[in-house]
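# Structural features, examined
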Amino acid sequence: MTVSTPTANKAAARVLSQFVATGVQTCFHGRHINPQILADLDGNNWRLKDYQQRGGYEALRKILALDGGAGLTPDQVIAEVKAGSLRGRGGAGFPTGLKWSFMPRQFPGQKYLVCNSDEGEPGTCKDRDIMQYNPHSVIEGMAIAAYAMGISVGYNYIHGEIFATYQRFEEALEEARTAGFLGTAILGSSFNFQLHASHGFGAYICGEETALLESLEGKKGQPRFKPPFPASFGLYGKPTTINNTETFAAVPWIIRHGGQAYLECGKPNNGGTKIYSVSGDVELPGNYEVPMGTPFSRLLELAGGVRNAKQGRTLKAVIPGGSSSPVLPASIMMNCTMDYDSIAKAGSMLGSGAVIVMDDTRCMVESLKRLSYFYMHESCGQCTPCREGTGWLWRLVSRVHEGRGKPGDMDLLNSVADNIQGRTICALGDAAAMPVRAMIKHFRAEFEAMITNSRAAATASPAGMRMASTEARSI
Ligand SMILES: Cc1cc2nc3c(=O)[nH]c(=O)nc-3n(C[C@H](O)[C@H](O)[C@H](O)COP(=O)(O)O)c2cc1C
Ligand code: SF4
């Protein structure tokens, strides 16, 4: 049991006050480039009146023709989102406008809109900042999406361990309801949209969209077989569209300024800005919003560069899109721009935009051991390759790290990863396998050196060798 002592409380308060005072670890530090979602935030101006001062709810008024304009039809809203090349910020980068067009708008029964605020990918901490400091951007974005797809009920599924953020979002919802931006006959129009917050359960797998739907229905959060996809069989078996928090928060800007303007903020096929959660060995970890296509070197500079560079530390590698995206060595990363296409071309994924920076002191074997432990721990256990394979990966990497590796272990690791990837119900299996393959591809020599050196040390000490072979049999 952990006992909270006055000293521990003081230390926690000191860390927290530093966090709030500098804003560096969060998003109100002013080190963004052309921000759209995080613009002008100071940590306190999250309320409805502040949001409206920043132009909030103008987009909703625009589509409902409440400002003297002609309004936008649902098809026109979808066309703007498509023109802006907004791609889903939850990980896969799927085109949002296209996803919205899959919703069977004329379906006679209830349809649902769901926001995925589960945000469990290690390294990712942007959605909680959006909900904490700019919650109305998500509410307005969801209302616009609901209008575009003819949906009258929505839920925001919020990660279970960020209760203060959940409460903040509830408060913002209440403000929006009272002001007539949510509910029945919104702002006097014929558009109805009821939006509710739902408290998640804190498991990584609940971020997978079908596991999220199960969890939202009150069941165990385990992914469903697909097809059918949520667009035809979603929440309570009804047509459902799910998008990430940041995806929804980007929508009001697109409608206010037009899809073309949004596209021009980024680069072709990668419209607008993206929020990156930069962590690891940098001087100023935090959330940074920059245009799609910004060079990685510029993002690193915004985050203060590699930590202790003056003391000789250099960039070794970067995990560019959250723990499930393949690691890239510094030499490749420094030539990348931060957008879906550039990172994919380099052999990784932009994913959720969690940029984990590793300096030259980082041991790749240890890093992979941690990553593998995470995926083993978070596997929901439904499919054998993932349930068993993630454990194999972790035990294999552990034995290399602990000096009990064997010469064939690299090939064995690759083969276990091969037998997981593409053979599971959901993409958690791929997420566990891909980092392993990338680590071996780029840093094989480091793994092999550890195996060779520890075997040499063990041979020099027969007792050590005996222990090594006994423990190896338990793998
Ligand atoms: C294991 C796993 C965890 C995921 N976690 C999240 C998450 O926390 N937040 C999120 O938005 N998407 C997450 N996703 C992706 C969702 O399944 C889904 O693709 C996304 O919410 C769609 O939104 P978008 O189109 O706006 O990106 C996860 C996927 C997998 C396989
Ligand atoms: S891949 Fe893993 S997490 Fe996904 S359904 Fe299968 S066992 Fe569960």
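Residues numbered from 1 in each chain as written. Chains lettered and ligands numbered in written order. Predicted model: local features only at pLDDT ≥ 70, side-chain atom pairs only at ≥ 80, totals over all residues. Heavy atoms only, no water.

### A look at the packing of aromatic side chains
Considering all chains together, one arrives at 14 aromatic pairs under this definition. An angle of 85 degrees between the planes, with centres 5.3 Å apart, marks the rings of Tyr-51 and Tyr-57 as edge-to-face. With a relative accessible area of 0%, Tyr-57 lands in the buried category. Pairing Tyr-204 with Phe-374 gives two aromatic rings, centres 4.9 Å apart and planes at 65 degrees, and the pair type is edge-to-face. Of this pair, Tyr-204 sits in the loop between strand S3 (194–199) and helix H9 (209–216) while Phe-374 sits in helix H15 (residues 364–378); the two residues are 170 residues apart in sequence, bridging distant segments of the chain. Here the aromatic residues Tyr-51, Tyr-57 and Phe-181 are joined through ring pairs into a cluster of three or more. Of note, Lys-274 hangs over the ring of Tyr-276, and the distance from its end group to the ring centre comes to 5.6 Å. (Phe/Tyr/Trp six-rings, centres within 6.5 Å; stacked < 30°, edge-to-face > 60°. Buried < 20%, exposed > 50% of the residue type's maximum accessible area, 1.4 Å probe, protein only. Helix = DSSP H or I, 4+ residues; strand = E, 2+ residues; numbered from the N terminus. Lys NZ or Arg CZ within 6 Å of the ring centre and 35° of its normal.)

### Here we look at the packing of helix H4 (residues 74–83) against helix H7 (residues 135–149)
The geometry of a pair of packed helices is captured by two quantities: the angle between their axes and the separation between those axes. In contact at an axis separation of 7 Å, H4 and H7 are set at 125 degrees when each is read in the N-to-C sense. By the angle between their axes, H4 is oblique relative to H7. Pair H4 / H7 crosses with left-handed handedness. Within the contact between the two elements, H4 uses Pro-74, Val-77 and Ile-78 and H7 uses Ile-144, Tyr-147 and Ala-148. (Axes fitted to C-alpha atoms, helices over the stretch in contact; angles between N-to-C directions. Parallel < 35°, antiparallel > 145°, perpendicular 65-115°, else oblique. Left-handed = near helix turned anticlockwise from the far one by under 90°. Contact = heavy atoms within 4.5 Å.)

### Focus on the nonpolar core
Within the largest apolar cluster, 59 residues are counted, with the highest numbers of intra-cluster contacts made by Leu-60, Ile-63, Val-77, Trp-100, Leu-113, Ile-139 and Phe-193. With residues near it in sequence (within four places) discarded, Ile-139 still touches Tyr-57, Phe-169, Ala-172, Leu-173, Ala-176, Leu-182 and Leu-195. Membership of the second largest hydrophobic core comes to 26 residues, among which are Ile-319, Val-365, Val-416 and Ala-417. (Core = buried A, V, L, I, M, F, W, Y, C linked by side-chain atoms within 4.5 Å.)

### Considerations on empty space enclosed by the protein
Scanning the entire structure with this criterion turns up one cavity of 30 Å³ or more. Volume-wise, the largest cavity comes out at about 80 Å³. Lining the largest cavity are 13 residues, with Pro-223, Cys-380, Cys-383, Cys-386 and Cys-426 sitting closest to its centre. Residues of the lining of the largest cavity, tallied by class, amount to eight nonpolar, five polar and no charged. (1 Å grid on protein atoms, 1.4 Å probe; cavity = no way out; pocket = protein on both sides within 12 Å on 5 of 7 lines; lining within 4 Å. Points joined across faces, edges and corners; volume = space filled by probe spheres on them. Nonpolar A, V, L, I, M, F, W, Y, C, P; charged D, E, K, R; others polar.)

### A word on a nonpolar patch on the surface
Nonpolar side chains collect at one region of the surface, where Phe-94, Leu-98 and Phe-102 lie side by side and expose about 270 Å² of accessible area between them. For Phe-102, the location among the structural elements is in helix H5 (residues 96–102). (Patch = residues over 30% accessible without salt bridge, like charges linked within 9 Å, V, L, I, M, F, W, Y side chains within 5 Å. Areas by Shrake-Rupley, 256 points an atom, 1.4 Å probe, with all protein chains shown as cover. Salt bridge = Lys/Arg side-chain N within 4 Å of Asp/Glu carboxyl O.)

### Considerations on the site of ligand 2
Neighbouring residues of ligand 2: 13 residues in total, closest Cys-380, Gln-382, Cys-383, Cys-386 and Cys-426. Here ligand 2 is seated within the largest cavity. Tallied by class, the residues present in the shell around ligand 2 amount to eight nonpolar, five polar and no charged. (Near = heavy atom within 4 Å. Sits in = over half its atoms within 2 Å of the grid points.)

### Let's talk about the layout of surface pockets
Here the largest pocket defines a volume of roughly 1,400 Å³. Lining of the largest pocket is provided by 49 residues; of these, Gly-90, Gly-91, Ala-92, Gly-207 and Glu-209 occupy positions nearest its centre. Those elements that provide at least two residues to the lining of the largest pocket are H5, strand S4 (240–244), helix H14 (340–345) and helix H18 (428–460). The element best represented in the lining of the largest pocket is S4, accounting for five residues. Broken down by class, the residue content of the lining of the largest pocket amounts to 18 nonpolar, 19 polar and twelve charged.

### Focus on the site of ligand 1
Near ligand 1 lie 19 residues; those nearest to it are Gly-90, Lys-99, Asn-116, Asn-244 and Thr-247. Taking Gly-90, its main chain carries an N or O atom lying 2.8 Å from an oxygen atom of ligand 1. One can see that ligand 1 is located within the largest pocket. For the shell around ligand 1, the element with the most residues is S4, which contributes three residues. Classifying every residue of the shell around ligand 1 gives five nonpolar, eight polar and six charged. (Polar contact = N/O pair within 3.5 Å; in protein donor to acceptor, adjacent residues only side chain to side chain.)

### Quick word on unusual backbone geometry
The omega torsion across Lys-226 and Pro-227 is -5 degrees, close enough to zero to call that bond cis. Among the structural elements, Pro-227 can be located in the loop between H9 and S4. The residue after Pro-227, namely Pro-228, is reached through a cis peptide bond having omega 5 degrees. Inspection of the secondary structure puts Pro-228 in the loop between H9 and S4. The phi torsion at Asp-40 lies on the positive side, around 60 degrees, for a residue other than glycine. Along the chain, Asp-40 falls in the loop between helix H1 (6–22) and helix H2 (48–53). Although it is not a glycine, Ala-185 adopts a positive phi angle of roughly 50 degrees.

### Here's the deal with the sheet that holds S3
In space, the four strands of this open sheet follow the order S3-S2-S1-S4, with parallel pairing throughout. Here the strands that pair on one side only, and so sit at the sheet edges, are S3 and S4. Adjacent strand axes in the sheet meet at a mean angle of 20 degrees when their direction is disregarded. Looking at chain direction, strand S1 (residues 112–117) and S4 are connected through five bridges and run parallel. Among the inter-strand pairings, Leu-113 is bridged to a residue of S4, identified as Thr-241. (Pairing = 2+ DSSP bridges.)

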